[in-house]
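Residue-level structural notes
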Amino acid sequence: MAEREHVRVAVVGSGFGGLGAAVRLRREGITDFVVLERADSVGGTWRDNSYPGCACDVPSHLYSFSFAPNPDWPRTFSGQPHIRAYLEHVADTFGLRPHIRLNHEVRMMRWDTEELRWEIETAGGDFTADVVVSATGPLSDPKMPDVPGLDTFPGKVFHSARWDHDYDLRGKRVAVIGTGASAIQIVPAVAGDVARLTLFQRTPPWVLPRTDRAISGLERWLHRQLPFTRAARRGLLWGIRELQVGAFTKHPNQLGFIEALAKKNMARAIKDPKLRAELTPDYRIGCKRILLSSEYYPALARPDVDLVASGLKEVRGSVLVAADGTETEVDAVIFSTGFHVTDMPIADRVVGAEGHTLAEAWKDGMQSLRGATAAGFPNWMTIIGPNTGLGNSSMILMIESQLNYMADYVRQLNVLGGRVALAARPSAVHTWNRRVQARMERTVWNTGGCTSWYLDANGRNTTVWPGTTGEFRRETRAVDLGEYEIQRVGKRLPAQASAAKPAATAATAATAEAARTAEGSAA
Ligand code: NAP
């Protein structure tokens, strides 16, 4: 490796997770850190997703950092430009710019078992770091389905998360593939501008109205002058969502009432019984993410918008062929087909203590300890890790819980002192996941009769947290050192020793365990 800078912490990504981590590190008195960002500006998924109509379906007063309140949110549900501007503002106000390294895509991170630190190769230079906080997020790498013949398509093709603003859709015949949270915002935003819009729907979503409105000048004034009004607003938004969790996690049968509301929402706009039938889901509401839109169904009722109630199967020149045989000729195809969530590409770029990648370690499914650390990857943690996603509330709440955990992790390392690493014990990872998966059994995500991106290739739900955000906050308040092996330079983990020498004896392991216990008590 060439000349490299050493830092206490390397944060990867500058979305909500990465910027939040940076603020939190500074608040902990740690200034020796960098934020490695692959793009040329901050913002993460809120920078990359700039499609027409892009907005958040969680109210802004809840979808923002508790430590960076914004009394001036202009609407109850903010659009992407405001959220992106908010993140830029956070980077400025909290003095994060000197730490941020733009155009520094991480190519590889390798754990050095001798020096107990991470070697990091990036597009902008190399680093070593005592700790890596990977905040690349689950919605960062777009997923394109493998459609035979797509390479023969003569027109324009792009993914919703990589919108080509130079391409003029006006007057074009456009296909939108997918009916997730992104597509239902794109369809009403472009319908009417394009000559004809065809939506390819493999599975209909449940859609509830979105009660978006401008936040009045008086409300904003109150939020500025009397901060408790803003806090009360946030508290109310949070509390309502906490109360809903039980229906998703324990009593999915209670969700029938919400299905009735969603059907009413559809019936208001869709008068054609055939179209209504095609748009009606056959699985329990909440199994897939519930979508919020008051414009989606009215857009589908337009005469210049067609629904193909079938997935895209094949492309023959400029003709799109659906699984049911429907053929549609178009000029442009917009894939709203989601992200690599359970197979995140960053996992291929992390090589742990035993010389294999995180992707290899997770080949049977993602597994972590408290959504943060992984067995075999000392001093590495992820923000929005496995089973930290939410079906109904603000991810910022979960991110802040993970930041608490990160802060305590670094604090513990400081207290232990010297060149030290914490390595998640496989038994602790196993226990945590067994508990999470046991709670998952009754949830609507597992029992609702759908497939979704919450489930991995083995059908296991490794993305959603099966509880309230309050519970997760308590579970991540502090690092339990009993769940970790403490490593010091020159002293090796039993797991590593056995990896190097398969015939390692129980005595070897016991010696290492004794060393660990001694260090633990010394702390
Ligand atoms: P998504 O929810 O993963 O949806 C992908 C869609 O593509 C699904 O409807 C899927 O159908 C469809 N699809 C895949 N291959 C297809 C094919 N060959 N033919 C037809 N359809 C196909 O992706 P997303 O809409 O980008 O949303 C991802 C996540 O981003 C959301 O769940 C949410 O967490 C976040 N998001 C949030 C907001 C917000 O307001 N906060 C807005 C946008 C996105 P199946 O359902 O049959 O698999």
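The rules we used
- Residues numbered from 1 in each chain as written.
- Predicted model: local features only at pLDDT ≥ 70, side-chain atom pairs only at ≥ 80, totals over all residues.
- Heavy atoms only, no water.
- Near = heavy atom within 4 Å.
- Polar contact = N/O pair within 3.5 Å; in protein donor to acceptor, adjacent residues only side chain to side chain.
- Areas by Shrake-Rupley, 256 points an atom, 1.4 Å probe, with all protein chains shown as cover.
- Nonpolar A, V, L, I, M, F, W, Y, C, P; charged D, E, K, R; others polar.
- Domains from an automatic or database assignment.
- Contact = heavy atoms within 4.5 Å.
- Buried area = accessible area lost by both parts, 1.4 Å probe.
- Salt bridge = Lys/Arg side-chain N within 4 Å of Asp/Glu carboxyl O.
- Helix = DSSP H or I, 4+ residues; strand = E, 2+ residues; numbered from the N terminus.
- Buried < 20%, exposed > 50% of the residue type's maximum accessible area, 1.4 Å probe, protein only.
- Expected span 1.5 Å × (residues − 1).
- Disulfide = S-S within 2.5 Å.
- Pairing = 2+ DSSP bridges.
- Axes fitted to C-alpha atoms, helices over the stretch in contact; angles between N-to-C directions.

1. Section: the site of the ligand
Close to the ligand lie 24 residues; Asp-57, Ser-182, Thr-203, Lys-288 and Leu-312 are nearest. Interatomic distance of 2.8 Å between a backbone N/O atom of Asp-57 and an oxygen atom of the ligand. Thr-179 has a polar backbone atom sitting 3.0 Å from an oxygen atom of the ligand. The fraction of the free accessible surface of the ligand (910 Å²) that becomes covered by protein chains is 87%. Broken down by class, the residue content of the shell around the ligand amounts to 10 nonpolar, 10 polar and four charged. Counting residues domain by domain, the shell around the ligand receives three or more from each of domain 1 (5-140 + 342-519) and domain 2 (150-211 + 240-335).

2. Focus on the domain arrangement of the protein chain
As assigned here, the protein chain comprises domain 1 (5-140 + 342-519) and domain 2 (150-211 + 240-335). The straight-line distance from the C-alpha centre of domain 1 to that of domain 2 is 32 Å. In this assembly, 35 residues from domain 1 lie in contact with 31 residues from domain 2. Summing the contributions of domain 1 and of domain 2, the shared interface buries around 2800 Å²; its carbon and sulfur component is 53%. Counting the surface domain 1 buries against domain 2, the share from its top three residues, Tyr-51, Asp-57 and Asn-392, is 23%. Our count for the contact surface shared by domain 1 and domain 2 stands at two salt bridges.

3. A short note on the side chain of Ser-140
Mapping Ser-140 onto the fold places it in the loop between β6 (125-134) and β7 (156-159). Only 3.0 Å separates the side chain of Ser-140 from the backbone oxygen of Thr-136, close enough to count as a polar contact. Among the polar contacts listed, one links the side chain of Ser-140 to the side chain of Asp-141, at a separation of 3.4 Å. Leave out the neighbours within four places in its chain, and Ser-140 touches Arg-38, Asp-48, Arg-162 and Phe-339.

4. With respect to unusual backbone geometry
Despite not being glycine, Leu-116 has its phi angle at roughly 55 degrees, a positive value. The topology assignment puts Leu-116 in the loop between β4 (106-112) and β5 (117-122). At Ile-384, a position not held by glycine, the phi torsion is positive, near 55 degrees. Structurally, the position occupied by Ile-384 is in the loop between β18 (380-382) and α11 (395-416).

5. A word on the environment of Ser-368
Secondary-structure assignment places Ser-368 in the loop between α10 (358-361) and β18. Looking at Ser-368, the relative accessible area reads 1%, which means it is buried. The residues touching Ser-368, leaving out its near neighbours within four places in the chain, are Thr-373, Pro-386, Val-429, Trp-432 and Asn-433.

6. Brief notes about α11
Between its first and last C-alpha atoms α11 spans 32 Å; for 22 residues at 1.5 Å apiece the expected length is 32 Å, and the two agree. With respect to burial, α11 is a largely interior element, 18 of its 22 residues being buried. The first or second residue beyond α11 is Gly-417, which carries a positive phi of 75 degrees.

7. Focus: the state of the cysteines
Covalent bonding between the sulfur atoms of two cysteines is what defines a disulfide. One pass over the full model with this rule turns up one disulfide. What pairs with Cys-287 in a disulfide is Cys-450, and their sulfur atoms sit 2.0 Å apart. Given an S-S torsion of about -90 degrees, the disulfide between Cys-287 and Cys-450 has left-handed geometry. Remark: Cys-450 occurs in the loop between α13 (444-447) and α14 (469-475) and Cys-287 occurs in the loop between α8 (273-279) and β11 (291-292); sequence separation between them is 163 residues. Each member of the pair, Cys-287 together with Cys-450, is buried. Cys-56 takes part in no disulfide bond, and the closest cysteine sulfur to it belongs to Cys-54, at a distance of 8.7 Å.

8. A few points about the side chain of Asp-141
Examined against the element boundaries, Asp-141 turns out to sit in the loop between β6 and β7. Reaching out from Asp-141, the side chain makes a polar contact with the side chain of Arg-38 at a distance of 3.2 Å. For Asp-141, the contacting residues outside a window of four places in its chain are Arg-38, Phe-339, His-340 and Pro-345.

9. Thoughts on the sheet that holds strand β16 (residues 332-335)
Pairing in this open sheet of five strands is parallel, and the strands run β7-β16-β8-β9-β12 from one edge to the other. Two strands lie at the open edges of the sheet, namely β7 and β12 (305-308), each paired on one side alone. On average, each strand axis in the sheet is tilted by 20 degrees relative to the strand beside it, whichever way the strands run. Here strand β8 (residues 173-177) runs beside β16; their pairing, made up of four bridges, is parallel. Opposite Val-174, over in β16, you have Ala-332 as the bridge partner.

10. Observations regarding the pattern of salt bridges
Under the criterion given, the structure shown has 36 salt bridges. For the salt bridge of Arg-38 with Asp-141, the shortest nitrogen-to-oxygen distance reads 3.2 Å. Note that Arg-38 is positioned in the loop between β2 (33-36) and α2 (45-48) and Asp-141 in the loop between β6 and β7, a separation of 103 residues in sequence. With its nearest N and O atoms 3.9 Å apart, the salt bridge here joins Asp-364 to Lys-363.

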